[in-house]
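One-letter residues, chain by chain:
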Amino acid sequence: MAADQEQEQRRRLLDVASRFPLPSGCRFSYGTAGFRADGATMAPAVCRAGILAALRSVKLAGAAVGIVITASHNPIGDNGVKIADPDGGMMDQQWEPFADALANAPDPDALLQMVLQFVKDEGIPLGGHHTAQVLLGRDTRPTGEYLLDAALQGINAIVGAHAIDMGILTTPQLHWMVWSKNKGTKASESDYFTQLINSFRRMLELLPKDKGGYELAKKLIVDGANGIGGVKLEQIKAELSGLDIIVRNSGKEGEGILNHLCGADFVQKERVTPHGFGPEDVGVRCASLDGDADRLVYFQMSSSSDNKVDLVDGDKILSLFALFIREQLDVINNNGSQVDKSLPARLGIVQTAYANGASTQFLKGLGLEVVFTPTGVKYLHKKALEYDIGIYFEANGHGTVVFSEDFISQLESLSNDLSSQAANCSAQYHSAMRLMAATQLINQAVGDALSGLLLVEAILQYKRWSFQNWCELYSDLPSRQLKVKVVDRSSIVTTDAETKVSQPSSLQELIDKETGKNQINYIMQRNGSVLHSLKYNTRRVSAFDIQIVMSLQPTIPKGDALCVHLVQKMWYECMPRHLRRWKPIVLRNLWHTMWNAFLDNHLQPCLRFCLG
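Here the structure is a predicted model, which is why all the values come from computation and not from measurement.

1. Points about the overall build of the chain
Assigned secondary structure in the chain consists of 20 helices and 20 strands. Evaluated residue by residue, the chain yields a buried proportion of 56% over its 612 residues. Pairs at least 24 apart in sequence give 71% of the contacts found in the chain among residues at least 6 apart.

Below, the structure written as C-alpha cells:
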C-alpha cells in the first residue's frame with residue numbers, strides 16, 4: 001500500500017471507531033447467529049462487522065460477502081448482525097476470534113492496531129488490485145435502518161470497499177444473493193422470486209397423472225411472525241398456482257408484534273397456535289415462519305376446544321425431503337428400462353443431538369446414512385457438503401438440502417440424454433427432472449422458510465399425502481425440555497456431538513444409572529450468558545437447555561423425579577467451590593434456601609412437557 005493510501009486507511013479507521021465507541025459494560029461474542037444484543041446497543045458491533053466483511057472480501061480476491069441485520073426469532077427490541085461468506089454460508093469459523101476481538105476493541109487506537117496486525121498476519125492486500133464488495137440486507141425491525149447506516153460506515157472505512165444495499169430482505173434471500181453473485185448468475189430479489197416460482201411450477205407439472213390417493217387441499221394458512229417472510233410471501237402468493245395461501249401475522253400494521261406469540265420458534269416450543277388463529281382453522285394445513293424466514297414448521301389444529309396443535313417440526317420436514325429424494329434416485333437407478341443410465345449418489349442425513357430419536361431411527365431404518373454434529377447450522381452445513389446430496393435440519397425448522405456441483409453436472413447430463421431419446425416419457429426421465437427442479441427450488445446456501453415451504457407443498461402433492469399422513473410418518477419419542485441456570489457453564493463439558501457429558505463425570509454416570517445407557521438421549525446445548533440475581537446468591541449465571549428423551553414410555557411422575565434429581569446434581573456440581581468447604585449443617589441450610597429459591601423462580605416456569 002502506498003504511503004498516502006496507508007495514511008488514508010489509518011484516518012478512516014480511527015474516525016469510524018471514534019463515531020461508534022464501545023458502550024460501557026457491553027461485550028459482544030460472534031456465534032452461529034453473529035453478534036446479537038439489544039438493538040439500541042448494537043451500532044458499534046454492526047459498524048465493526050462492516051469493517052470485518054470488507055476485509056473478508058479483500059482477502060478473498062474481491063468476492064462478494066454479505067451482511068444481514070436481523071435478530072431472527074428474537075423479540076422486536078433485539079437486533080443483530082452476521083456475515084455471509086462468498087458461498088452463501090456462514091463466515092469461516094477461523095475468523096470468529098478476530099470478530100470477537102474487533103467488536104470489543106476498547107478504543108480507536110486499539111482497533112486500528114488490531115486491524116493492521118490482522119491484515120499483516122493474514123496477508124490481506126489493502127490498497128491493492130482487489131477491492132471489496134459487500135451486499136447488505138435487513139429485516140423489518142425499528143432499529144434496522146439505523147444499524148444499516150452503521151454497517152455502511154464500517155464498510156466505507158476500508159479503502160476501496162463498495163457497499164450495495166439490497167433492501168429489506170429475508171435472511172435467506174441475502175445469503176442466496178451472495179451465493180448467486182459469486183457464481184456469476186443473476187442475483188436480484190426479482191431473480192430469487194422468479195427461480196422459486198418457476199421451479200415450483202415445474203415440479204407441479206411433473207406430478208404423476210395416474211397416481212391415486214389423497215388429493216391435497218389447496219388451502220394453506222401461513223403464520224408470517226409479523227416479520228419480513230410474511231411480507232415477501234404476500235408479494236408472490238398470487239403467482240403460485242396450485243396453492244391458495246392465506247398469510248396471517250403478515251407484518252401489516254395492527255396485526256401484531258414481531259415474533260410475539262407467533263412464529264416458528266413459538267409454535268415449535270409451545271405447541272400451540274400462534275396469535276391470529278382460531279376454531280375456524282381446525283383441520284386446515286398451516287405453516288409458521290420465524291421473523292427473518294429462515295425457520296419453518298407445519299401444524300394443524302385438531303380440536304376447537306383448545307389451542308393445542310399437531311406439530312410437524314424440522315425432523316419430519318427432513319424426513320419428507322429424504323423420502324422424496326431417495327425415491328427419485330431409486331427410480332433412476334433401478335428403472336428397468338432399455339436406457340442404460342444411472343446416477344450414483346451418496347445421500348447423507350445430518351442431525352444434531354436435539355433431533356428426536358424416533359426420526360433418527362426412522363431414517364436409519366430406511367438404510368440412510370445419518371451422522372451427528374454439534375448444535376449450530378455452521379456445523380450441519382459443513383458436514384452436509386461432504387455428500388453428493390446432504391440434507392440437514394434442526395428440530396426448530398432450520399435446514400436445507402445441498403447438492404454437490406458434480407452431482408448436478410451428472411444430473412444435467414442424464415436429463416439431456418434422456419430428453420433426446422424416446423425415454424423422455426419414462427419414469428426415469430421424470431424423476432431426473434423432479435430432482436433437477438428441486439435443486440432450483442431449494443435454497444442451497446442456507447435454511448430458507450419460503451423455498452422450504454414450496455418444496456414441502458410440491459412433495460406432498462407428489463406423494464398425495466394429507467397432513468395426517470405426514471404426521472404419522474413416525475411417532476415422536478416422549479421428551480421433556482427445561483431450562484436450568486447454573487453458576488458456571490464451563491464446568492459442564494459434552495462430547496460426541498453433545499450426546500454425552502464428560503465433565504462432571506459423575507453426572508453421566510448418574511444418567512446411565514437412572515435410565516440405562518440405551519434408554520436416554522441426553523444433551524445440553526449452551527446458550528448465551530445471562531444475568532440474574534437470585535435472592536440469596538447474586539452471581540453471573542448461564543443457561544443450559546436440557547432435553548431428556550426417553551425411549552421407554554415414562555410416567556409423568558417418574559420423569560419429574562428424574563429431571564429434578566439431575567438438576568439438583570448439576571446445581572451442586574456448579575456451586576462455588578468455597579461453599580462446598582463449609583460445615584455440613586451450614587451448607588445444608590444454605591443449600592435448601594438456594595435450591596428452593598431456584599426452584600420457585602426458575603425451574604417451574606421454565607419446565608415444559610413435550611410428550612409426543
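2. Re the pairing of strand 7 (residues 244-248)
The pairing of strand 6 (residues 219-223) with strand 7 spans 5 bridges and is classified as parallel. Following the sheet pairing, K219 is matched in strand 7 by D244.

3. Here's the deal with the pattern of salt bridges
Scanning all chains against the criterion turns up 22 salt bridges. Between R56 and D92 there is a salt bridge, with the nearest N and O atoms lying 3.8 Å from each other. Residue R56 is found in helix 2 (residues 43-59), and its partner D92 is found in the loop between strand 3 (78-84) and helix 3 (96-103); the two are separated by 36 residues along the sequence. Exposure remark for R56: the relative accessible area of 6% places this residue in the buried category. The shortest N-O distance in the salt bridge between E122 and K59 comes to 3.5 Å.

4. A look at the UniProt feature "active site" (unreviewed entry) in the chain
Here, UniProt's "active site" (unreviewed entry) annotation points to S72. Filtering out sequence-adjacent residues up to four positions away, S72 remains in contact with R36, R141, N259, D290, G291, D292 and D294.

5. A few points about the confidence of the model for the chain
Close inspection of predicted coordinates is inappropriate for parts of the model with low pLDDT. Averaged over all residues, the pLDDT of the chain is 84; the fraction at 70 or higher stands at 79%. Note on residues 517-560: pLDDT is under 50 here. Beyond four places in sequence and across chains, it has 135 contacts. Contacts of residues 577-591 to residues separated by more than four positions or lying in other chains number 15 contacts, the stretch itself having pLDDT below 50.

6. With respect to the packing of aromatic side chains
Inspection of every chain in the model, using the stated rule, returns 13 aromatic pairs. Ring centres of Y30 and F35 lie 5.0 Å apart, and the angle between their planes is 90 degrees; this geometry places the pair in the edge-to-face category. Side by side, Y30 and F35 carry an identical accessibility label, which is buried. Ring centres 6.0 Å apart and planes at 20 degrees place the aromatic pair F403 and F407 in the stacked group. Here the two residues F403 and F407 agree in accessibility, since each one is buried. Grouping aromatic residues by their ring pairs yields a cluster made of F28, Y30 and F35. One Lys or Arg, R56, reaches over the ring of W95 and ends 4.8 Å from the middle of that ring.

Rules used in this analysis
- Residues numbered from 1 in each chain as written.
- Predicted model: local features only at pLDDT ≥ 70, side-chain atom pairs only at ≥ 80, totals over all residues.
- Heavy atoms only, no water.
- Helix = DSSP H or I, 4+ residues; strand = E, 2+ residues; numbered from the N terminus.
- Buried < 20%, exposed > 50% of the residue type's maximum accessible area, 1.4 Å probe, protein only.
- Contact = heavy atoms within 4.5 Å.
- Pairing = 2+ DSSP bridges.
- Salt bridge = Lys/Arg side-chain N within 4 Å of Asp/Glu carboxyl O.
- UniProt positions renumbered as here; feature names shortened; annotations may be inferred.
- pLDDT = per-residue confidence, 0-100.
- Phe/Tyr/Trp six-rings, centres within 6.5 Å; stacked < 30°, edge-to-face > 60°.
- Lys NZ or Arg CZ within 6 Å of the ring centre and 35° of its normal.

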